[in-house]
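Survey of secondary and tertiary structure
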Amino acid sequence: MSEDVKARILAAAKHLFAQKGFKATSIRQICDEAGANVALVSYHFGGKEKLLEAVFDNFFPDGVEYAPMEEMESPVDRLKFLIEQFLTLMRRDPEVTKMIMMEINVGSERLKSILSHTLSFWKRIRDEIQSGVEQGELDVQSIDQALAQVMGVLIHPLHAGGFEPLMESWPPDLEVEIAERTRFILRGLGVRTEDSK
């Protein structure tokens, strides 16, 4: 029963943090949605900040399978693989992505803790950009700027939000999204061959 209550609190917190933001969501609102006693947040999680950490620990899509990359010789192929994995995982749980975007947009002091869940993934992206430059497959002046641009292209369009009137079809089919964003990123990194298709 205790685990069921914890799971309900986590699910309610994720939903409300994604809808309203961390600051605008109260413990009482979370517990009302979860059908749980307010005191259980402190008991199980140690407060609202710790509850947010627990939401990311439990729901952040960290299921990237890196093993297939070992067979890939080209940094471009490894980048394609990482892009596909990221977009697939984010599509699986858009509320987590929305939570990250809300915290980024408000310049949250919790951002460092939240992004720590993604650091290993972004380090892999950075390493492949670096490797691609060293092997002459990518044309990049600044690794830092290239990484920042890749991060922006991967994260921000997931929440085109109020811009749907500009789109003919949104959200796009996942395969289309992966193909278009991969092409855009690779061309931005200086790939002008068949690899960017």
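Residues numbered from 1 in each chain as written. Predicted model: local features only at pLDDT ≥ 70, side-chain atom pairs only at ≥ 80, totals over all residues. Heavy atoms only, no water.

1. Looking at the packing of helix H1 (residues 2-20) against helix H4 (residues 48-59)
For the pair H1 and H4, the least separation of the axes is 10 Å and the interaxial angle reads 95°. When the axes of H1 and H4 are compared, the pair comes out roughly perpendicular. For the pair H1 and H4, contact is made by Ile9, Leu10, Ala11, Ala13, Lys14 and Phe17 and by Lys48, Leu51, Leu52, Ala54, Val55, Asn58 and Phe59, respectively. Looking at the contact of H1 with H4 residue by residue, the class counts come to 10 nonpolar, 1 polar and 2 charged. (Axes fitted to C-alpha atoms, helices over the stretch in contact; angles between N-to-C directions. Helix = DSSP H or I, 4+ residues; strand = E, 2+ residues; numbered from the N terminus. Parallel < 35°, antiparallel > 145°, perpendicular 65-115°, else oblique. Contact = heavy atoms within 4.5 Å. Nonpolar A, V, L, I, M, F, W, Y, C, P; charged D, E, K, R; others polar.)

2. Re the environment of aspartate 139
Along the chain, aspartate 139 falls in the loop between helix H8 (119-134) and helix H9 (143-155). Spatially, the C-alpha atom of aspartate 139 lies 9.4 Å from that of arginine 187, the residues being 48 residues apart in sequence. Apart from residues lying up to four places away in sequence, aspartate 139 is in contact with Leu189 and Gly190.

3. Some points on the packing of aromatic side chains
Describing an aromatic ring pair means giving the distance of the ring centres and the angle of the ring planes. Under the criterion given, the structure shown has 4 aromatic pairs. Judged by centre distance (5.0 Å) and plane angle (80°), the rings of phenylalanine 121 and tryptophan 122 are edge-to-face. By relative accessible area, phenylalanine 121 is classed as buried at 6%. Counting every residue linked through ring pairs, the aromatic cluster contains Phe86, Phe121 and Trp122. The cationic tip of lysine 48 hangs over the ring face of phenylalanine 22; the distance from NZ or CZ to the ring centre is 4.5 Å. (Phe/Tyr/Trp six-rings, centres within 6.5 Å; stacked < 30°, edge-to-face > 60°. Buried < 20%, exposed > 50% of the residue type's maximum accessible area, 1.4 Å probe, protein only. Lys NZ or Arg CZ within 6 Å of the ring centre and 35° of its normal.)

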